[in-house]
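Tertiary structure, described
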2 protein chains.
Amino acid sequence: MKIIPHLTSDPDALGASAGHLVVPKGDDWEALSLPVFSFNKGEGPRLLITGGNHGDEMEGPIVARRLVDWLPREQSCGSVTIVPELNPLAVQAWTRNTPVDGKNLNRLFPGRSDGSVSERIADAVSRVLLPAADTIFDLHSFGPTWDIPPSVIMHPIGDANLMAKTVRMAEAFKLPVTLVWQHNETAGMFDTVAHNQGKVLVCTEFGGGTVSSGALAVYEAGLRNALIGLGIIEGKAEHPTFRQQKSSRSLETLTSDELRSPARGIFEPLRSILDEVKQGDLIGLLRSMESLSADCIEICAPTAAIVYGIRSGGFVEINEEVAILARPLKL
Amino acid sequence: MKIIPHLTSDPDALGASAGHLVVPKGDDWEALSLPVFSFNKGEGPRLLITGGNHGDEMEGPIVARRLVDWLPREQSCGSVTIVPELNPLAVQAWTRNTPVDGKNLNRLFPGRSDGSVSERIADAVSRVLLPAADTIFDLHSFGPTWDIPPSVIMHPIGDANLMAKTVRMAEAFKLPVTLVWQHNETAGMFDTVAHNQGKVLVCTEFGGGTVSSGALAVYEAGLRNALIGLGIIEGKAEHPTFRQQKSSRSLETLTSDELRSPARGIFEPLRSILDEVKQGDLIGLLRSMESLSADCIEICAPTAAIVYGIRSGGFVEINEEVAILARPLKL
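Everything numeric in this text was worked out from a predicted model, so none of it was measured. (Residues numbered from 1 in each chain as written. Chains lettered and ligands numbered in written order. Predicted model: local features only at pLDDT ≥ 70, side-chain atom pairs only at ≥ 80, totals over all residues. Heavy atoms only, no water.)

1. Comments concerning the layout of surface pockets
Just so we agree on the cut-off: With a 1 Å grid spanning the protein atoms alone, the term cavity applies to any set of points in which a 1.4 Å probe fits but cannot get out, the term pocket to an open set with protein on both sides within 12 Å along at least five of seven lines, and the term lining residue to any residue with an atom within 4 Å of a point. Grid points are joined across faces, edges and corners, and a volume is the space filled by probe spheres set on the points. A helix here means a DSSP run of H or I that spans at least four residues, while a strand means a run of E at least two residues long, and both kinds are numbered starting from the N terminus. Amino acids outside the nonpolar list (Ala, Val, Leu, Ile, Met, Phe, Trp, Tyr, Cys, Pro) and the charged list (Asp, Glu, Lys, Arg) are all regarded as polar, and Gly is one of them.
Looking at the largest pocket, its volume works out to about 1,400 Å³. Residue lining of the largest pocket: 44 residues in total, with Asp147, Gly208, Phe242 and Arg243 of chain A together with Arg243 of chain B positioned closest to the centre. If you list the elements that add at least two residues to the lining of the largest pocket, you get helix 6 (213-230) of chain A together with helix 6 (213-230) of chain B. Of the residues assigned to the lining of the largest pocket, the class counts are 17 nonpolar, 20 polar and 7 charged.

2. A few points about helix 4 (residues 160-171) of chain B
Residue and element names in this part refer to chain B. Going by this rule: Take the residue count of a helix, subtract one, and multiply by 1.5 Å to get its expected span. Each residue is placed in one exposure class: buried if its accessible area under a 1.4 Å probe, protein chains only, is under 20% of its type's maximum, exposed if it is over 50%, and partly exposed if it falls in between. The directions from the helix axis to the C-beta atoms form the arc being described. Any two residues whose heavy atoms approach within 4.5 Å are treated as being in contact. N or O atoms within 3.5 Å of each other form a polar contact, as long as, within protein, one can give a hydrogen and the other can take it, and as long as residues adjacent in sequence are counted only when both atoms are side-chain atoms.
Over its 12 residues, helix 4 extends 16 Å from the first C-alpha to the last, a length consistent with the 16 Å expected when each residue adds 1.5 Å. Every buried residue belonging to helix 4 is among Leu162, Met163, Thr166, Val167, Met169 and Ala170, and all of these are buried. One face of helix 4 carries all of its buried residues, which in axial projection span an arc of 160°. Turned more than 90 degrees away from the buried face of helix 4, the exposed residues are Ala160, Asn161 and Arg168. Tucked inside the fold, the buried residues of helix 4 contact strand 6 (135-139), strand 8 (151-154), strand 9 (177-181), helix 5 (190-196), strand 10 (200-205) and helix 6. The N-capping residue of helix 4, defined by a side-chain oxygen 2.9 Å from the backbone nitrogen of asparagine 161, is aspartate 159.

3. Thoughts on the packing of aromatic side chains
Condition: Centre distance within 6.5 Å is the pairing criterion for rings of Phe, Tyr and Trp, where only the six-membered ring of Trp is used; planes under 30 degrees apart are then read as stacked, over 60 as edge-to-face, and the remainder as tilted. By definition here, charges over rings are those cases where NZ of Lys or CZ of Arg is within 6 Å of the ring centre and within 35 degrees of the ring normal.
Under the definition given, this model contains 12 aromatic pairs over all chains. Relative to tryptophan 146 of chain A, the ring of phenylalanine 142 of chain A has its centre 6.0 Å away and its plane inclined at 85°; by these criteria the two rings are edge-to-face. An identical accessibility class is assigned to phenylalanine 142 of chain A and tryptophan 146 of chain A; each is buried. An angle of 15° between the planes, with centres 4.5 Å apart, marks the rings of phenylalanine 109 of chain B and phenylalanine 190 of chain B as stacked. Taken together, the positions of phenylalanine 109 of chain B in the loop between helix 2 (88-93) and helix 3 (117-129) and phenylalanine 190 of chain B in helix 5 put the pair 81 residues apart, joining distant regions of the chain. Over the ring of tryptophan 70 of chain A we find arginine 224 of chain A, and its NZ or CZ is 4.0 Å from the ring centre.

4. Things to note about the sheet that holds strand 18 (residues 314-316) of chain A
The test is simple: Two strands are said to pair when DSSP picks up at least two bridges between them. Lines fitted to C-alpha atoms define the axes, with helix axes restricted to the stretch in contact, and inter-axis angles between N-to-C directions lie between 0 and 180 degrees.
Strand order in this open sheet of 4 strands is 16-15-13-18 (chain A), and the pairing throughout is antiparallel. The outermost strands of the open sheet, each flanked by one partner alone, are strand 16 (297-300) and strand 18 of chain A. Geometrically, the sheet is characterised by an average inter-axis angle of 35° between neighbouring strands, direction not taken into account. Summarising the sheet, strand 13 (residues 265-269) of chain A and strand 18 of chain A pair through 3 bridges and their orientation is antiparallel. Considered in strand 18 of chain A, the bridge of glycine 265 of chain A is made with valine 316 of chain A. Lying on the sheet, helix 1 (residues 59-74) of chain B is in contact with strand 13, strand 15 (282-287) and strand 18 of chain A; it crosses strand 13 of chain A at an angle near 85°.

If you want it as structure tokens, here you go:
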């Protein structure tokens, strides 16, 4: 008998339940059982929270498990289903892509039941978890090689009503930045599939390298604010403190705001996140490892902008992203 | 004719020179040519500065290249030889170990001329660069998975005079921490070989994830202070600002201060670096990825201590280091 993706618990049952999302066996890997936690207090929003879509973005899985701890005590309505680690194979390997098939889970939605293990995970999530949700928080971060401010990111959505609703949801986190990112390669992303079904999906994104106790506190505060915004828990939403400041701004990144390395070499960042730069200002340097001089290539801002993200100093190949600029959001 | 390791430039020539340290071809890889920059102003200290011993510790290579830029204008005496990237294969791959042979260069000194490529690099450094130096700064950092304060680290040295001299050299960087680390596995380290030859070798160490412009500024300031301490450049050494503070402390880490994971799972850091903890205080949590509850294992401080380093949140196998404690240095 062919096993199809299924849940071993019933998230529609009132109260707390825990079980597994079973991703069937395929040619390349055995069946996976992803822990799933559901908290159902009846009428209200139907929220799905997923972490560990990429395996080197660990704030999400950790904060999702914290939520499993305190949500039952605080929830007043609605239902919340939490999958801390969507991609346990990548989490264990601390890699962005799944080591078994080398694929990026977040480019494979809605997935394939007869595909490789990453495609089967996407298929199981799309079939079993997504239909029941009206709102999704996909907990990401920028991984170990980027510095960005704690953010909620979304891509532009064709449906103006859904766009406005999604921006409002993103802003409810009260994180330092809400970013609308005009990204060229959104095919197969979890949010694209969810938006096409009329659902609100936002991605939390963090940066700055290590997953520290301080970063986790900011991440968790943002998630708590969003739950307050949805009415799932009670309380007063407050801006978390990030680098001595409590503030939020809404920005957008155009495709021309992604700066890339003009050659291979060691990228040296010269700017910090949220710096305001003028046209022509230096953003970073690129130094050839073979060079016998101190010469380097200057990477400059093509327009006045705000530095949203900057790559960690390190070796880059030609045409790798080294900085992401942004500008105030105009809706 | 057998090629032996050699320099293509003459660091004894007065003035600035640039060339390559040639690491001969072996069975596993072709010959390497590592850029070497020498600045000789006659009498004075003979300083060797090396970066990129580990390929995922990028502060060193970047700051070493910056030094190539400004040192010629500021140097007043002595000689300085700079090798920004000791291990270009690992730097390009952003890996701690050399990808070709899977080896940790800093466990292979003094190296082997007939060994694998990492062993041949160690051999070339030991034969060609080390003999001419009386002082060595090996520029490390803790890589992308640890949070530590900017530090200068050394291991205990049997010779009390050399120990005292090396501690003084480390403290001259005026970085937030000078750490004497009782490490069990120092065989094959660059500093062990240098100390056995009566030379002063200290390692700069940084942490905190991304190699940002702010981190690079602190690293560079420490290196400038050390050059002032040696009399190679003139100026006034000043504490760099780190997290709104300008201060230094000297600490030591005993082998019992290295806390390890009691099981496999996701480590969640609950403390920040330089936190003071009491015996029994929580340092972090370990959560099983398979668990269907919010249960976790508590990792606590075995004694009162200062948190020197804490691992980034993420998956760990059993018996991996998750925190490094320290206490005030008693010499």
